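Inside the fold
Below are the chains, spelled out letter by letter.
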Amino acid sequence: MPSRARVSAFRIQERADRSANGLVRQDEARHVAFGLGHLEHRSTVGPRLRGRLRAAVERRHEALTHTAGLNAEVFDALVLLAACSWNPRAIERGWRAVQRLQADMDQGRPHRLSRLGFPDDEAAALSALHTRNFM
């Protein structure tokens, strides 16, 4: 049976991890919002921007065609971070959380591309070229 001090230290660490994760999510959302706002503004000023963005997405896809999805080590690390535990049930919850994250990202990309003025079909096609490495 773990000591009270050890349990207390674990709970403090758990709260700190949750707090840090929340701040990271907030910071990442701020970066995405800034970048998207900047590109929305630039696309109204420079109509050729969408063509350059399309070409950049296609070049990146071509350069990374050898990548076959999310690196296994990164996937496992994300699962463990989401699980916050080595407990099998927690790991299962972590796995589901990573699956939701990937689905959310897959749904968000075409929406953001549409906001930049890409027609829905083109936004979906460009989104499909996204590499699965979270970069």
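Residues numbered from 1 in each chain as written. Predicted model: local features only at pLDDT ≥ 70, side-chain atom pairs only at ≥ 80, totals over all residues. Heavy atoms only, no water.

1. Some remarks on the overall build of the chain
Along its length, the chain carries five helices and zero strands. Reading the secondary structure of the chain in the N-to-C direction produces α-α-α-α-α. Taken across its 135 residues, the chain has 15% of its residues classed as buried. Counting only contacts in the chain whose residues sit at least 6 apart along the sequence, the fraction spanning at least 24 positions is 53%. Carbon together with sulfur atoms contributes 58% to the accessible area of the chain, which is approximately 10200 Å² in total. (Helix = DSSP H or I, 4+ residues; strand = E, 2+ residues; numbered from the N terminus. Buried < 20%, exposed > 50% of the residue type's maximum accessible area, 1.4 Å probe, protein only. Contact = heavy atoms within 4.5 Å. Areas by Shrake-Rupley, 256 points an atom, 1.4 Å probe, with all protein chains shown as cover.)

2. A closer look at the confidence of the model for the chain
Detailed reading of the predicted model is not advised wherever pLDDT is low. Here the chain averages 85 in pLDDT, while 86% of its residues score no lower than 70. Looking at the elements of the chain, mean pLDDT is at its lowest for helix 1 (residues 4–45), recorded as 80, and at its highest for helix 5 (residues 120–128), recorded as 93. (pLDDT = per-residue confidence, 0-100.)

3. Overview of the side chain of arginine 109
Locating arginine 109 in the fold gives a position in helix 4 (residues 88–115). Polar side-chain contacts of arginine 109 include one of 2.5 Å to the side chain of aspartate 106. (Polar contact = N/O pair within 3.5 Å; in protein donor to acceptor, adjacent residues only side chain to side chain.)

4. Here we look at helix 4
Under the 1.5 Å per step criterion, the end-to-end length of helix 4 is 41 Å for 28 residues, consistent within 8% with the ideal 40 Å. Among the residues of helix 4, those classed as buried are Ala90, Gly94, Val98, Gln102, Gly108, Arg109 and Leu113. Buried residues along helix 4 sit in contact with helix 3 (72–83) and helix 5. Measuring from the backbone nitrogen of arginine 89 back to the side-chain oxygen at the start of helix 4 gives 2.7 Å, which picks out asparagine 87 as the cap. (Expected span 1.5 Å × (residues − 1).)

5. Focus on the packing of helix 3 against helix 4
The relative placement of two packed helices is expressed as an angle between their axes plus a distance between the axes. The geometry of helix 3 relative to helix 4 is characterised by a closest axis approach of 7 Å and an angle of 115° between their N-to-C directions. In this structure, the crossing between helix 3 and helix 4 has a hand that is right-handed. From helix 3, Phe75, Leu78, Val79, Leu80, Ala82 and Ala83 reach across to helix 4, where they touch Ala90, Ile91, Gly94, Trp95, Ala97, Val98, Gln99 and Gln102. Among the residues forming the contact of helix 3 with helix 4, the class breakdown is 11 nonpolar, three polar and no charged. (Axes fitted to C-alpha atoms, helices over the stretch in contact; angles between N-to-C directions. Left-handed = near helix turned anticlockwise from the far one by under 90°. Nonpolar A, V, L, I, M, F, W, Y, C, P; charged D, E, K, R; others polar.)

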